[in-house]
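# Understanding the architecture of this molecule
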Amino acid sequence: MNILDCDVLVIGGGAAGSRAAYEAKRTHPELKVLLVAAGGFGSSGSTNLMASESLGINAPFNYMQDGDSADVFYRDIVETGGGLSDPILARMIAEDACARIDELVALGLHFDTEGERIIQRKLSGCTKARSLTCGGSTGREIVRILKGQIHRLGVDILENIRVVDLVRDDNGRVCGALAAAGQDRLLINARGVILANGGAGRIFRHNVNPPTLEGDGWSMAYRAGARLVNMEFFQVGPAVFNAPLKFIIHSHMWRLKPRLTNTLGEEFLPRYCPAGIHPAEVLDLKAMSYPFSVRTDAKYLDIAIFKEVTAGRGTPSGGVYFDVTHVDRETFLSRSPITYETLLRAGIDLARDRIEVGLVVQNFNGGILIDADGFTGVDGLYAAGEVTGGVHGADRPGGNNLIDTQVFGYRAGLAAAEYAGNTGGKPPKPGSMDETYIQPLSSREEADLQKSANLYYSNLTIVRTKKGLQEVLDFVDRHKKNPNLIVGNRMTVGSILATAAHIREESRGTHYREDFPNQNSVWDTRIVLSRSGELDSPKATRLD
Ligand SMILES: Cc1cc2nc3c(=O)[nH]c(=O)nc-3n(C[C@H](O)[C@H](O)[C@H](O)COP(=O)(O)OP(=O)(O)OC[C@H]3O[C@@H](n4cnc5c(N)ncnc54)[C@H](O)[C@@H]3O)c2cc1C
């Protein structure tokens, strides 16, 4: 096994990892800061993805002079979160957002403007126009700016390294990580570790996440003793399903009043709209609410698509038909240019061709429970970005994930560097390491992972029931003994998501239990999961 030493190890090269590495090295230049990413640094992760019309980052600058402020922002986070966001962390995002953005602007980031004025847009779950953009490349631009600084400061970078486990010393303190680099294994010793490895969309059959996002961070942190919160809440929404494209169908497209049909040619949406709710109203609401959430009546659209596909009336690729051929090219070019041109490059002309649209997993609100410094409660372990949970509750305002990466990437970077700087001496050596396996997958294991991807998609996304969730838990139970961590991590994540969704017997935000369709105040509480034993099911506690 190859062995490397560093002071601060940052796992992940998206917006959170770059910010954390930058802040750690900026404030503690004497420390050896190492950033590792499963893909390329700045070219892997959701941050880098150009899969939607615009990628917004929220900060209450009030450039549109609509009365935005940190207080209003805070209230939006708490309200959209269905009361399940951590008030301290939510307050921190609301109050620190402008400062973190100003620092990026000082480093050279440019936002979209109208004339001289920076424009801000109102996204779902926001009462004010708060989102800043660099077109569809906002995340990419943030990382580009931070990457330049990281190189300048001398942070070490290792790409194409997949970390699969954390290592701890005899006192239980996290002191490094175990990784796979192709066929080689690598042990990285570190005084402090920051997990910034994003979400887990790739473990679902249909998703709009790039490769590498398989939730390894949750499995590792869970095994190391960290707690996971709000894991039942994650975002699923509509996307183009014409292979190989996976591109989000954004607000503007719903305003064009698409004709939605199943493979029998039926316009199915009216069947799913209760009396008094008109399908046109549902489409209008969808224009303001990208992810599925029971918070608004836009939910009937996602439920309708999901149920039509489940009933076997979906297209072979798992979607339905979406027809906006009544709209002319000029309208597309002025209202949805990025979507129109991306599809055009793939040989699809929206003004002429109907497309297939289905539901994809986009990103996660729950994750590793952190405090205001990104500390996980396990000595030596910090986390930031989409891998963390608590800031956002049952749902989140659009544009909040990116600002989360900056506010908590900053805080975790400072805190981990401070911690590492104070430990002194040589990097701690791991104690008795769990016997760990990272092996290439056998064809049987490949098939099991494929099965899990289908099962997770069918039972953990839009419509959840006790029976479906139990099916996931039974499957995971049968496969969790596999010592290959590539499989083991996948089972751990499935078990955590299904356990949380199984426990929450109500519907709230992005969590819809068909057998418990209403919100219930008994569940005004966060579900926290932690490890109870070697292969036991997660232990659940409530956090009021
Ligand atoms: C299509 C789409 C549109 C979105 N639109 C918006 C929006 O408009 N506004 C908004 O705020 N948010 C949006 N989001 C969410 C937002 O982009 C993400 O939550 C955010 O970018 C996550 O940043 P991150 O740094 O935490 O993770 P990521 O950017 O996902 O980066 C994770 C990094 O960790 C690495 N990694 C993963 N596993 C391992 C491992 N085992 N070992 C080593 N490295 C690993 C990856 O390779 C990558 O470098 C969108 C997401 C998607 C998918």
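As the structure is a computational prediction, the values presented were derived from the model and not from experiment.

This part covers unusual backbone geometry. Of note in this structure, Gln-65 is not a glycine but carries a positive phi near 55 degrees. Summarising the element assignment, Gln-65 is placed in the loop between β4 (56–58) and α2 (70–80). Of note in this structure, Lys-257 is not a glycine but carries a positive phi near 55 degrees. The residue Lys-257 is located in the loop between α6 (251–255) and β16 (259–261) in this model. Judged by relative accessible area, Lys-257 falls into the partly exposed class, the value being 37%.

Right, let's get into the environment of Leu-166. Tracing the sequence through the fold places Leu-166 in strand β9 (residues 162–168). Every residue in contact with Leu-166, bar those within four places of it in the chain, is listed here: Ile-11, Val-174, Gly-176, Ala-177, Val-193, Leu-195, Met-220, Ala-221, Ala-224 and Leu-381.

On to the packing of aromatic side chains, then. Summed over all chains, the structure comprises 12 aromatic pairs. Aromatic side chains Trp-218 and Phe-364 sit 5.1 Å apart centroid to centroid with 70 degrees between the ring planes, which places their arrangement in the edge-to-face category. Residue Trp-218 is located in helix α5 (residues 216–224), and its partner Phe-364 is located in strand β18 (residues 355–364); the two are separated by 146 residues in the primary sequence. Considered together, Trp-218 and Phe-364 belong to a single accessibility category, that of buried residues. Each member of the aromatic cluster is reached from another via a ring pair, and the members are Phe-204, Trp-218, Phe-234, Phe-364 and Tyr-456.

What follows concerns the sheet that holds β18. Taking strand neighbours across the sheet as the criterion, the five strands line up as β15-β14-β18-β17-β16 in an open arrangement whose pairing is antiparallel. Among the strands making up the open sheet, the edge pair consists of β15 (247–248) and β16. When strand β14 (residues 234–240) meets β15, the two strands line up antiparallel, connected through two bridges. Residue Val-240 lies in a different strand from β15, and its bridge partner there is Phe-247.

On to the site of the ligand, then. If you check the shell around the ligand, you find 38 residues, and the closest are Ser-44, Thr-47, Gly-56, Glu-386 and Leu-402. Between Gly-13 and the ligand, the recorded distance is 2.9 Å, taken from a backbone N or O atom to an oxygen atom. Val-163 places a polar main-chain atom, nitrogen or oxygen, 2.8 Å from a nitrogen atom of the ligand. Looking at the shell around the ligand, the elements that each hand over two or more residues are α1 (15–27), β9 and α12 (400–423). Counted by class, the shell around the ligand contains 15 nonpolar, 20 polar and three charged residues.

A few words on the domain arrangement of the protein chain. Assigned domains within the protein chain: domain 1 (236–361) and domain 2 (438–543). Just the C-alpha atoms count here: the centres of domain 1 and domain 2 sit 28 Å apart. Taken residue by residue, the interface counts 11 residues in domain 1 and 12 residues in domain 2. A combined buried area of about 1,000 Å² lies between domain 1 and domain 2, and 74% of that area is made up of carbon and sulfur atoms. Per-residue buried area on domain 1 facing domain 2 is highest for Phe-292, Val-294 and Phe-306; these three make up 52% of the total on that side. Linking domain 1 with domain 2 are one salt bridge, by the criterion used here. Here Lys-307 and Glu-514 are joined by a salt bridge, their closest N and O atoms 2.3 Å apart. Mapped by element, the contributors of at least two residues to the side of domain 1 that touches domain 2 are α9 (299–310) and β18. Among the elements that line the side of domain 1 that touches domain 2, the one with the most residues is α9, at four residues.

Definitions and cut-offs
Residues numbered from 1 in each chain as written. Predicted model: local features only at pLDDT ≥ 70, side-chain atom pairs only at ≥ 80, totals over all residues. Heavy atoms only, no water. Helix = DSSP H or I, 4+ residues; strand = E, 2+ residues; numbered from the N terminus. Buried < 20%, exposed > 50% of the residue type's maximum accessible area, 1.4 Å probe, protein only. Contact = heavy atoms within 4.5 Å. Phe/Tyr/Trp six-rings, centres within 6.5 Å; stacked < 30°, edge-to-face > 60°. Pairing = 2+ DSSP bridges. Near = heavy atom within 4 Å. Polar contact = N/O pair within 3.5 Å; in protein donor to acceptor, adjacent residues only side chain to side chain. Nonpolar A, V, L, I, M, F, W, Y, C, P; charged D, E, K, R; others polar. Domains from an automatic or database assignment. Buried area = accessible area lost by both parts, 1.4 Å probe. Salt bridge = Lys/Arg side-chain N within 4 Å of Asp/Glu carboxyl O.

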